[in-house]
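# Analysis of the macromolecular model
The lines below spell out each chain.
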Amino acid sequence: MALIYKQALRGPLIKPDGYGEPLIGKLLGFTKIKPKAMALRIVYRPVLQSNGMIRMEIIAIGPRDKDKVYNWADERVESFKTEMSKEETNE
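Only a predicted model underlies this, so the values are computations on that prediction, with no experimental measurement involved.

### Examining the nonpolar core
If you look at the biggest cluster of nonpolar residues, it comprises nine residues: Leu-23, Leu-27, Phe-30, Val-43, Ala-60, Val-69, Tyr-70, Ala-73 and Val-77. Among the elements that line this core, the one with the most residues is helix α2 (residues 68–90), at four residues. Aside from chain neighbours lying at most four places away, what touches Val-43 is Leu-23, Phe-30, Thr-31, Glu-57, Ile-58, Ile-59, Ala-60, Val-69, Tyr-70 and Ala-73.

Printed below as a string of structure tokens:
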């Protein structure tokens, strides 16, 4: 978590001014960072708060394997959407 905190302190979290790369497709709205020293990929959603700060909603952290962490993130997003649909139906 210290790495994520340091990343946030550096300034903008999304390219071109920051390090995060916006994702496309099923993970549109999410961003990734790849700390090379740790051989990880971190998938998160940057959310601008009313106080001007950006909250990083982390959905997956995993190895820098090309697809593994993206598959985990996609599964979690889909699971969340399904859960939310069920709650809306029950209201």
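### Side note on the pattern of salt bridges
Per the stated rule, a full pass over the model turns up five salt bridges. One salt bridge connects Arg-45 with Glu-57, and the closest N-O pair in it is separated by 2.4 Å. With a gap of 12 residues between them, Arg-45 in strand β3 (residues 40–48) and Glu-57 in strand β4 (residues 54–63) connect regions that are remote in the sequence. On the accessibility criterion, Arg-45 (38% relative accessible area) is partly exposed. Taking the relative accessible area as the measure of exposure, Glu-57 reaches 24% and is therefore partly exposed.

Definitions and cut-offs
- Residues numbered from 1 in each chain as written.
- Predicted model: local features only at pLDDT ≥ 70, side-chain atom pairs only at ≥ 80, totals over all residues.
- Heavy atoms only, no water.
- Core = buried A, V, L, I, M, F, W, Y, C linked by side-chain atoms within 4.5 Å.
- Buried < 20%, exposed > 50% of the residue type's maximum accessible area, 1.4 Å probe, protein only.
- Helix = DSSP H or I, 4+ residues; strand = E, 2+ residues; numbered from the N terminus.
- Contact = heavy atoms within 4.5 Å.
- Salt bridge = Lys/Arg side-chain N within 4 Å of Asp/Glu carboxyl O.

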